[in-house]
Every structure is written in structure tokens, then in C-alpha cells.
Amino acid sequence: MDITFDHVSYTYQANTPMAGVGLDDVSVTIHGGAYTAIIGHTGSGKSTLLQHLNALLKPTSGTVRIGERMITPSTSNKNLHPLRKKVGMVFQFAESQLFAATVREDVAFGPRNFGVSAEDADALAVQMVARVGLPEDVLDRSPFDLSGGQMRRVAIAGVLAMQPEVLVLDEPTAGLDPAGRREMMALFAKLHADGQTIVLVTHQMDDVADFADDVLVMDQGKVVRQGHPKEIFQDAQWLLDHQLGLPRTTQFALRLQQKGFKFDHLPLTTPELAQMLAEQLGGARHE
Amino acid sequence: MADDIITVEHLRYTYQDAQVAALDDVSLRVPRGTWVSVIGHNGSGKSTLAKNILGLLEPDAGVINVDGMVLSEETVWDIRSRVGIVFQNPENQFVGATVADDVAFGLENHAVPREEMLTRVDDALNAVRMREFANREPAHLSGGQKQRVAIAGVVAQQPQIIILDEATSMLDPAGRKEILALIRELKDRLGLTVLSITHDLDEAAGSDQLIVLDDGHVVETGKPSQIFAHGTSLVAHGLDVPYSQQLRGELGKLGIEIPGDYYDDEGLVDYLWTLRSTM
Ligand SMILES: Nc1ncnc2c1ncn2[C@@H]1O[C@H](COP(=O)(O)OP(=O)(O)OP(=O)(O)O)[C@@H](O)[C@H]1O
Ligand SMILES: Nc1ncnc2c1ncn2[C@@H]1O[C@H](COP(=O)(O)OP(=O)(O)OP(=O)(O)O)[C@@H](O)[C@H]1O
Ligand SMILES: [Mg+2]
Ligand SMILES: [Mg+2]
């Protein structure tokens, strides 16, 4: 299922003195089956764009086509139910999407709501809570009596339990510990390998380099670049000019370059850099 | 010791109805004028520790001392006036109707004259690049903008102790660097102390001291270079090693062994360049 934006603009609090630009004439396609990363500085419009993927926000002008469904400025809020099942979203402040008395009920709510039997929904909840790395004893605790990172994991479990066609993730690893972040990114990669469409907003350029096959760069409500991570990260200066960073490996390679090392292209991953260094430091072997 | 601005001795804290203590026999010291980072897996007790230091939670046992005062019902307000905290979720922090009101709120509690208050709020918003949003409702901001406003609160307050609970987790890479540099500049200029809870090991690597929590226990304390030197134990605590150590590991796999315990980025760049130059 592709999602296509056609000249979409979105204005917050339109027609008031407080009106502000969220999106500015965005035309872009997010392909079914792809792993799309969206990057951009603070306030550039990433979360605003994401909320158009399941019609939480509707364009002020332009259209969004989500599979067969067309969303226009006049689309009514009725009948969005099927769409919410297809497109599952983990919010930037994931705590705000928790609501039930127990973690078990919270995670089971999505599937229940979409017609799964109580028994099967509960089984899904148990399975998903384990998948996001939480111990079983949290199941019967209140989701509000958890640490920040634990709450985020519950929110992710809740969306996974809905088994959506498109998984939309707004900085899902912010607040996760380093091991949790690694495991969570591996889990998303596995889902993607099994055919899941993923849209990820992140400030972790390493994750973009390691996992995404398409990158959208946003600036002031516009999509200013789209491409494979390999292309996007070659233009280091352009990214820095847009307040963005580079993968750690690319940064490190740039420092080596300043010292005097020569690379024919900038590496994105640690093994890639290690290999390039080994060739240069192995000296005789290479020459 | 006279020069420790925070000491915690044998602190235990258990949440209501919880089976196990969230903090158990925690002892630590924060020397005045230093930057100390607290790292640890999700649920290890970092935020609970911060809330105990502020007197927002009441310990089952143990003694907390802040700036020469033992934390108690009598001293808690005095202590809170010396500590500024940025909570993990900025949405739980906002009280003002506008961004400017919100930043001013921390000052109203401290009897700062109105004139000075306005200047400080304006300066703080400018420092975090949020001045143009001064009249916006805090709820109507992007995630990173909310974090910037929360940080402006402590920048305006200029408390003796700044506690950051993952305060930069949603900032873009350039913004994160810039905000950390801003706090560091403030700390150095005014002689403040920073206690920073973070999952960013590169930020932690730049601090004077690291405290590692695991399941409510302090499992290691020391300089980052000491703690990062034995990386495998960090991984066992749900953490990771800094980038320079990861690259060393990859080079090792290819037969390039680098002697010594720990290099930061700059150290490793220098070492590799020397190695290349001597070939
Ligand atoms: N509810 C709102 N009302 C008014 N303006 C808003 C609202 N939410 C966001 N904005 C504004 O719209 C712009 C885009 O915000 P958005 O949340 O999409 O940014 P973002 O790229 O997700 O940023 P971040 O990385 O900080 O989360 C920002 O300038 C922001 O101030
Ligand atoms: N309000 C609460 N009621 C009961 N238990 C709680 C509450 N808040 C936290 N806990 C539990 O106390 C433990 C420590 O939580 P804390 O929030 O201090 O962790 P943390 O180290 O800050 O984690 P994170 O990195 O996820 O923010 C966790 O096991 C958590 O589930
Ligand atoms: Mg956002
Ligand atoms: Mg916490």
C-alpha cells in the first residue's frame, strides 16, 4: 500500500492570529514495503507529516492517498476506523497514548477494538509485551506506574499488537536504554524483512544508515530531499547546514580525513570503516 | 566531605504496592562544580533517584544531604530553591499558559524582582532559540521545541544544581550539542553543578564522573575512561560502549589490535594517524 501526498499543506490553527505552518506544499510518495526514514531539525514538520498518514490531521489544502483511500480537506471524521487499523502509529510522547488500568488491557485494546476475540487479544498482549523486552510481571501493573522507557515499550507493544500494514514510529527509541534501542531496531528490521512497511522519524543517524532504504529530509515544512541513505550522507556539508548530523562512522571518517587519511567515499557503518582502515593500515597487503 | 554538594547514603525507596525496592542501599556523592552523569537500563531507578533528591518522594531509609542541608520536611523548600530539574517528559512539566509564563514560573517561586525576571526569561528563551515562540501555548509546540522550553526554565533559574532527566532526548543532533554546550557554559561561568541522567554514552563520556545504576543498585562509579575501559560489564548492565571502543573492536576483528585501555574519539584518531605515518 503506497501513501501519496499531492501538494499537501497544513496550517495549525488556521484562520486565527496564531496560525502557523506545519506542512508547506509537500508532494511525496511513501512506498508500500519500504523502510522510510524521515529526518529534519526540531520543528521542521516531521510529526505533522506523520499524523497525515492515518488522517489524524487532514490537509488544509492538497490530498493524501492512503492505499485506496483519498483524504482531502473536507474528508469527514467518520469511517476512518479501517484506516486506523491499517496504519498503526507510535506517538512521539508515547505515554500520552496509554490509557488502560493495566498493561495487559492497554496492549489488548487495539486488537479487541478491531474484532479480535478477548482470548486471542490477551494472548497477543502477552506475546507483544515479551517482544518489546518487558518482564511478564508488568502485565498486571498500571502503565502509569512504569519508568519512561518502560512506558514507551508498552506503547510500541500496543501498536504491534494491532498488526498494522504500515508501522509509523515517531522517535520510538528516544528514552530507550542502549541495549533496548538496539533490540527494538532489530525487531523493526525483522518486521520489515517480513514485508512490513515502516515509516520512522528519528534523530539517530546511525539507525537511518543501518536500516532505512529511503530517506526524506524535511526543513520548514517542506520535503527538501529524498534518496537512499548512501546518497544523502555523502553530502556531509549540506546535512550540517540543515542542523542535521551524520552517522557516527561518517563523522569519525571525516575527522580521519582532516588528519590526512584519504577515502574514496565516506563510510556509513563501523565494519565498513574498519575495512577501509585495514586496507590502508595493512599497507603492503594492499599496495 | 565539605566539597560534596550532594551526598546520598544508604537510600532505599519502594513505590506503593511494589514488590521490590526501586532503589536499594544507594550511596553516592556529587562534588561541587562537577558534571556527573547517571546511566542505567530502563527501570534501573534513575528518575526515582532524582525525585528522592528533590524530596518529591520520601525514602524508606537513608540520608540525603544537599548543599549542606539534610533533606527533611523543614529543609525541603530551601533545597528545592537550589535545584532546578528538567523532567524526562516535558509535557508533565508545563504549568504556564504561554511559553514565557512557563519559563518565568520557576523564578516567581524565588522572589526574583519583576524587571530582572523579564530579562532572564527573555535571555533564556533566546539562548535556547525559542524567543519567537514566547507567546505560544507550550502544548502547541513540536517535541524538540517543548524540550527546549523546559531547558529554558533552568537556564533562567540558574540554580546551584541542575538535574537533567534525559532533557535532550528529542533534539536534533546539532541542537543537542548546542544545548549541552549552553548548559556547560552556564555551569562553568556560575560554578554550578550538573547531575545528568542520560542514555547518550557520548554525552556521558564528556562528564567528570559516571554513576551506573542497575536494578536499583549503584554498580559502578568512576571516571568515564575507567568505566568505558571494561566495556563488557556495561553491556551486561543493558548499556553499550562509546563509538571509539566499538570501532576498536571491529579493527581487532581484522587483526589490528590497539594497545591500552581506553581512547576517546580524538585519542583514537591520533593513534590511527600515528600508526599510518610510521608505515
Ligand atoms: N498543536 C500545534 N499548534 C500550533 N503549531 C504547532 C502545533 N504542533 C506543532 N506546531 C508547529 O508546527 C511546526 C512543525 O512541528 P512538528 O511537530 O511537525 O515538528 P517536528 O519536525 O516533529 O519537530 P521535533 O523534532 O521537534 O519533534 C513547528 O514549528 C511547531 O511549532
Ligand atoms: N509511579 C510508580 N509506581 C510504581 N512503580 C514505579 C513508578 N515509577 C517507576 N516505577 C518502577 O520503579 C523502577 C524504577 O523506575 P525509574 O522511573 O526510576 O527508572 P529509570 O531508571 O528512570 O528508567 P527510564 O530509563 O526508563 O526512565 C522501575 O521498575 C519502574 O517500573
Ligand atoms: Mg516531532
Ligand atoms: Mg527515567
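Residues numbered from 1 in each chain as written. Chains lettered and ligands numbered in written order. Predicted model: local features only at pLDDT ≥ 70, side-chain atom pairs only at ≥ 80, totals over all residues. Heavy atoms only, no water.

J.: What should I look at first to understand the sheet that holds strand E5 (residues 69–70) of chain B in this one?
T.: Pairing between the strands of a sheet comes from backbone hydrogen bonds, and it takes one of two forms, parallel or antiparallel. Residue and element names in this part refer to chain B. The strand order across the open sheet formed by four strands is E2-E1-E4-E5, and the pairing between neighbours is antiparallel. Bordering the open sheet on either side are strand E2 (23–31) and E5, each of which pairs with just one other strand. Here helix H1 (residues 46–53) sits on the sheet in contact with strand E1 (4–13), E2 and strand E4 (61–66), set at roughly 115° to E1. (Pairing = 2+ DSSP bridges. Helix = DSSP H or I, 4+ residues; strand = E, 2+ residues; numbered from the N terminus. Contact = heavy atoms within 4.5 Å. Axes fitted to C-alpha atoms, helices over the stretch in contact; angles between N-to-C directions.)

J.: What exactly am I supposed to notice about the pattern of salt bridges here?
T.: Where charged atoms of side chains with opposite charge meet at close range, the side chains can pair. All names here are of chain B. All told, the structure shown has 25 salt bridges over all chains when counted by the stated rule. The shortest N-O distance in the salt bridge between Arg 82 and Asp 67 comes to 3.0 Å. Of this pair, Arg 82 sits in helix H2 (residues 76–82) while Asp 67 sits in the loop between E4 and E5, and the two are 15 residues apart along the sequence. The exposure class assigned to Arg 82 is partly exposed, which follows from its relative accessible area of 26%. Given a relative accessible area of 16%, Asp 67 falls into the buried group. (Salt bridge = Lys/Arg side-chain N within 4 Å of Asp/Glu carboxyl O. Buried < 20%, exposed > 50% of the residue type's maximum accessible area, 1.4 Å probe, protein only.)

J.: Is there a simple way to explain the site of ligand 1 in this structure?
T.: In the neighbourhood of ligand 1, 21 residues make up the surrounding shell, with A:Lys46, A:Thr48, B:Ser142, B:Gly144 and B:Gln145 lying closest. With respect to ligand 1, the chains having nearby residues are chains A and B. Side-chain polar atom of A:Lys46 to an oxygen atom of ligand 1: 2.7 Å apart, as the coordinates give it. In the model, an oxygen atom of ligand 1 is placed 3.0 Å from a nitrogen or oxygen of the B:Arg136 side chain. Against a free-state accessible area of 640 Å², the protein chains account for coverage of 91% of ligand 1. For the shell around ligand 1, the secondary structure elements donating two or more residues are helix H1 (46–50) of chain A together with helix H5 (143–157) of chain B. A per-class count over the shell around ligand 1 returns three nonpolar, 15 polar and three charged. (Near = heavy atom within 4 Å. Polar contact = N/O pair within 3.5 Å; in protein donor to acceptor, adjacent residues only side chain to side chain. Areas by Shrake-Rupley, 256 points an atom, 1.4 Å probe, with all protein chains shown as cover. Nonpolar A, V, L, I, M, F, W, Y, C, P; charged D, E, K, R; others polar.)

J.: What should I look at first to understand the interface of chain A and chain B in this one?
T.: By a widely used convention, the size of an interface equals the accessible area lost when the partners come together. Counting residues at the interface gives 47 residues for chain A and 48 residues for chain B. Counting each side, the surface lost to burial between chain A and chain B is near 4,100 Å², with a carbon and sulfur contribution of 61%. Area buried by chain A at its contact with chain B is led by A:Phe93, A:Arg248 and A:Leu281, which between them contribute 17% of it. Summed over the shared surface of chain A and chain B, the number is four salt bridges. Between A:Lys259 and B:Asp270 there is a salt bridge; the shortest N-O distance is 3.0 Å. Elements with a minimum of two residues in the side of chain A that touches chain B: helix H5 (148–161), helix H6 (178–193), helix H10 (248–259) and helix H11 (270–281) of chain A. If one sorts the elements of the side of chain A that touches chain B by residue count, H11(A) sits on top with nine residues. (Buried area = accessible area lost by both parts, 1.4 Å probe.)

J.: Before we go on, may I ask you to explain the side chain of B:Thr193 in this structure?
T.: All names here are of chain B. Locating Thr 193 in the fold gives a position in strand E8 (residues 193–197). What makes Thr 193 buried here is its relative accessible area of 1%. Here Gly 33 takes part through its backbone nitrogen, which lies 2.8 Å from a polar atom of the side chain of Thr 193. In this structure, Thr 193 is in contact with Ile 5, Val 30, Pro 31, Arg 32, Gly 33, Thr 34, Gln 160, Ile 161 and Ile 162, ignoring residues within four places of it in sequence.

J.: Looking at this model, I keep getting lost on the confidence of the model for chain A. Mind explaining?
T.: If pLDDT is low for a region, its predicted coordinates should not be looked at in detail. Here chain A averages 93 in pLDDT, and 98% of its residues register 70 or above. Here residues 283–287 of chain A is a poorly scored stretch, pLDDT under 50, and it has three contacts once near neighbours within four places are set aside; other chains count. (pLDDT = per-residue confidence, 0-100.)

J.: Hey, could you run me through empty space enclosed by the protein in this one?
T.: To find the voids left in a structure, one rolls a probe of water-molecule size over its atoms. On inspection of all chains with the given rule, the structure shows two cavities of 30 Å³ or more. Here the largest cavity is characterised by a volume of approximately 130 Å³. Lining the largest cavity are 14 residues, and of these A:Glu95, A:Arg152, A:Ala174, B:Gln88 and B:Met170 lie nearest its centre. It is H5(A) that provides the largest number of residues to the lining of the largest cavity, a total of three residues. Across the lining of the largest cavity, the residue classes tally to four nonpolar, seven polar and three charged. Here the second largest cavity is characterised by a volume of approximately 60 Å³. As for the second largest cavity, its lining consists of A:Glu171, A:Pro172, A:Thr173, A:Ala174, A:Val201, A:Thr202, A:His203, A:Gln204, B:Ser169 and B:Arg176. Residues of the lining of the second largest cavity, tallied by class, amount to three nonpolar, five polar and two charged. (1 Å grid on protein atoms, 1.4 Å probe; cavity = no way out; pocket = protein on both sides within 12 Å on 5 of 7 lines; lining within 4 Å. Points joined across faces, edges and corners; volume = space filled by probe spheres on them.)

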